[in-house]
Amino acid sequence: MERRGIAIVNSDHKPTIMVTNDDGIDAPGLRSVVRVLVSTNRYTVQVCAPDSEKSAVSHSITWRHPISARPADFDGVTAYAVSGTPADCASLGVSQALFPSVPDLVISGINMGSNCGYHVVYSGTVAGAREAFFHGVPSVSISYDWVGGKSNVNDYTLAAEACLPIINAILAEIRNQTYPERCFLNIDLPTDIPNNKGYKLTKQGTSIFKMGWRRVTSEMQGGKMLSTMTMDTDSAVTIETDTSTPLEEDLLFRREVRGAHIADPDTDWQFLREGYITVTPIGALSNADTESLLYFKDWLPVVAEHESSSAL
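A brief look at the structure comes next. This one's a predicted model, so the numbers in the text were calculated from it and none came from an experiment. (Residues numbered from 1 in each chain as written. Predicted model: local features only at pLDDT ≥ 70, side-chain atom pairs only at ≥ 80, totals over all residues. Heavy atoms only, no water.)

Re the pattern of salt bridges
Then comes step 1: The full count for this structure, using the stated rule, is 5 salt bridges.
Then comes step 2: Between Glu256 and Arg258 there is a salt bridge; the shortest N-O distance is 3.1 Å.
Then comes step 3: Taking relative accessible area as the criterion, Arg258 reaches 54% and is therefore assigned exposed.
Then comes step 4: Each of Arg214, Glu256 and Arg258 takes part in salt bridges that share partners, so that together they form one network. (Salt bridge = Lys/Arg side-chain N within 4 Å of Asp/Glu carboxyl O. Buried < 20%, exposed > 50% of the residue type's maximum accessible area, 1.4 Å probe, protein only.)

Okay, here's the thing in structure tokens:
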């Protein structure tokens, strides 16, 4: 049976889950979720992920040149490291050009750092799930609210295990042909996963880090912006830069965080901070709110009438 061109999960075979991310194929978040999925022996797991970190690339795609897919070393998994963006990886992974069949579910993550509010727009992790959604494949983006000094890599395993009931439930709905087709899920897990308050259905809010720019004298100055929107000032960290070489007369600027999240009530970021595992259904449309639409409904005819009068 087919649904939007995607094969329905049959009861007599293991469902296929494809995993991607934006932190890169060697990121501990991706490695952890793959290990947890494989350990259940309930799924066929595939990996199609960027060959290097692609945090905050949003939904950018590669258009002007081919991308490469190199086999990667994963136990019990067919995996490829791809020289593209998270959206490229999701698109390639569900296309049947790389793998022989379309996956039943795409998981993007686990990201190092939360993806709530307006940061959903910047997120390559969310873009990986959104791209799969564009192709009619059910998808989930997963992010962990990493905090330096509190979090450790074992938390990714706990995060993956905490998401298993949701993953299983999604696959059951897909099998029954009852899973909704007009959205995908964005899941954020709190820093203190062992003491989480459970799942919380939320809506996307307007929280965002206040960002600014600082002039620097070299590409190494100021450290590297991590997925968590914090700076790593360790001089040993390799700084990823643009392939172009700055000229001597070029002015160099680096982003920096200048303020905390601005939280609005009853939305994803607030409930995440309260210790919930937030589950946020997201669509791909960017319609304005009703009040704005009503304003422009009256505004545009006035503009048109004024333009017609000016032309006389």
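Resuming the write-up.
Structural notes on the nonpolar core
The tendency in soluble globular proteins is for nonpolar side chains to be buried side by side.
Then comes step 1: Residues Leu37, Val47, Ile167 and Leu189 are the most contacted members of the largest nonpolar core, which totals 41 residues.
Then comes step 2: It is helix H5 (residues 154-175) that contributes the most residues to this core, 11 residues altogether.
Then comes step 3: Setting aside residues no more than four positions away along its own chain, Leu37 makes contact with Ile17, Val19, Tyr43, Val45, Ile107, Leu164 and Ile167. (Core = buried A, V, L, I, M, F, W, Y, C linked by side-chain atoms within 4.5 Å. Helix = DSSP H or I, 4+ residues; strand = E, 2+ residues; numbered from the N terminus. Contact = heavy atoms within 4.5 Å.)

Concerning the sheet that holds strand S9 (residues 184-189)
Then comes step 1: Pairing is mixed in the open sheet, where 9 strands are placed in the order S5-S6-S4-S3-S7-S8-S9-S15-S10. For this open sheet the edge positions go to strand S5 (69-71) and strand S10 (199-201), each flanked by a neighbour on one side alone. Taking the axes of each pair of neighbouring strands and ignoring which way they run, one obtains an average angle of 25° across the sheet.
Then comes step 2: In terms of strand pairing, strand S4 (residues 44-50) meets strand S6 (residues 78-82) through 5 bridges, oriented parallel. Opposite Cys48, over in S6, you have Tyr80 as the bridge partner. (Pairing = 2+ DSSP bridges. Axes fitted to C-alpha atoms, helices over the stretch in contact; angles between N-to-C directions.)

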